[in-house]
Amino acid sequence: IKFNKHKERCFNSKKYVLMFQAQCEISITSEGTSRNITFNFVHSIEIESSYENLTDTCKIVIPRKLTFEGVPLFNGDNPIFRRGDKIEVSIGYVPNTTKVFSGYIKNVGSNVPTILECEDEMWKLKQYTVNYPSKVGLITRAKKGKLRKHPLVIPFTVKLDELLDYCLPDTDFEVVDNIDLGSFRVVNASPAMVLDKLKDEYGLYSYFINSILHVGFANDAARTSEAEFKMEEVIINSDSLEWQRAEDIRLKCVAISMNKDNTKTQVEFGDPDGNQITIHKYDMTESSLEFAAKEWIKENKYTGFKGDVETFGEPVMNHGDRCKLTSVKLPERDGTYLIKKVKRVYSVDE
């Protein structure tokens, strides 16, 4: 999604050019002094957000010599802002702006111009480590009292909300399915690494929405928001979108179920030579798992557009929202699509 200075639209077969002035607002609160400073002059802003990625990122390019009351904001011997400071970014067209990023400064570049690298609330979950469970019980003797050469680990089991409550005591979170994770262990891992393990081993995605951590499967990421985008009016790259037919797509789905006893069931379905995707479920029978794999193939072997949609940035959309594409020239290709990733670009060069 690009925020441009100019936008063109057509009305009643006559072409009018509407001039829209893009604007931004950066608000940074110092961790050390709690002083808040807001400014609106930057060279560029680039924000990436997706439920498939653990962390939303924001990169801001600003003039190196930007000062406040004669003191450098980000560089020098005693800069006002540093790593770990709270930052909020709003962009839009005059007179309106919408907050599109909230997080923390991860790094302040020392080159010219200055580049601020920022991450959302996930940044805080990378700053400390946890061990779960805090103590690991061992069975050191056999039933008859003989000392074991290879002690057995006691199979403590934990539910998802119990694990999150332990590892993220200061974070508000929501879970859709409070599944039993079985025997789960991490040693000297940051909470973000714990969430990454949940994704790799259980197929659970973690992402922040309005400072609340959401943890669930991919199909739980869908929201109710939907907006229409007319191809001939607001889609900049409509010519680069690729139209695909279901019968031409080759896919293979590997479905894995994590069972209550900490074992796994796995099935495969689809084209043996197709692009492989792995989906994760919880406590499913083999027949139910095969049905889930077939349904995934059915949903993804669709006739429709493939690729990225580039717009003027409004209406503001987020991952999980639905994008309804319509066309006057080719109405038979109208369709509604789930947004998996949003990239916002603001620049004075465009």
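For the structure, check the block above.
Residues numbered from 1 in each chain as written. Predicted model: local features only at pLDDT ≥ 70, side-chain atom pairs only at ≥ 80, totals over all residues. Heavy atoms only, no water.

A.B. asks: Could you give an account of the overall build of the chain, with specific residues and numbers?
C.D. replies: In terms of regular secondary structure, the chain is built from four helices and 28 strands. Counting only C-alpha atoms, the chain reaches 90 × 60 × 30 Å along its principal axes. Expressed as a percentage of its 350 residues, the buried residues of the chain come to 41%. In the chain, 59% of the contacts between residues at least 6 apart in sequence involve partners at least 24 apart. Split by element, the accessible area of the chain, about 20,000 Å² in all, is 47% carbon and sulfur. (Helix = DSSP H or I, 4+ residues; strand = E, 2+ residues; numbered from the N terminus. Buried < 20%, exposed > 50% of the residue type's maximum accessible area, 1.4 Å probe, protein only. Contact = heavy atoms within 4.5 Å. Areas by Shrake-Rupley, 256 points an atom, 1.4 Å probe, with all protein chains shown as cover.)

A.B. asks: Residue-level account of the sheet that holds strand E27 (residues 335-338), with values.
C.D. replies: In a beta sheet, neighbouring strands are held together by backbone hydrogen bonds and run either parallel or antiparallel to one another. The sheet built from three strands is open, its strands ordered E20-E26-E27 with mixed pairing. At either margin of the open sheet sits one strand with a lone partner, and together these are strand E20 (226-230) and E27. Across the sheet, the mean angle from the axis of one strand to that of its neighbour is 25 degrees, orientation sign disregarded. Two strands pair when backbone bridges link them, and strand E26 (residues 322-326) and E27 are joined in this way by four bridges, in the antiparallel orientation. Note on E27: the bridge partner recorded for Arg-322 is Leu-338. (Pairing = 2+ DSSP bridges. Axes fitted to C-alpha atoms, helices over the stretch in contact; angles between N-to-C directions.)

A.B. asks: Which residues make up the nonpolar core, and what values do they have?
C.D. replies: The nonpolar side chains of soluble globular proteins are, as a tendency, buried together. With 39 residues, the main nonpolar core has Ile-26, Val-42, Ile-45, Ile-60, Ile-87, Val-89 and Leu-325 as its most contacted residues. Once you skip the residues sitting within four places of it in the chain, Val-89 turns out to touch Glu-25, Ile-26, Ile-45, Ile-47, Cys-58, Ile-60, Thr-98, Lys-99, Val-100 and Phe-101. The next biggest cluster of nonpolar side chains, apart from the first, holds 28 residues, and it includes Val-130, Tyr-132, Leu-168 and Ile-179. (Core = buried A, V, L, I, M, F, W, Y, C linked by side-chain atoms within 4.5 Å.)

A.B. asks: I'd love a proper account of the side chain of Arg-344, names of residues and values included.
C.D. replies: Tracing the backbone shows Arg-344 in strand E28 (residues 341-347). No salt bridge is formed by the buried Arg-344. Its closest oppositely charged neighbour is Asp-321, at 7.0 Å. (Lys, Arg positive; Asp, Glu negative; His and termini not counted. Salt bridge = Lys/Arg side-chain N within 4 Å of Asp/Glu carboxyl O.)

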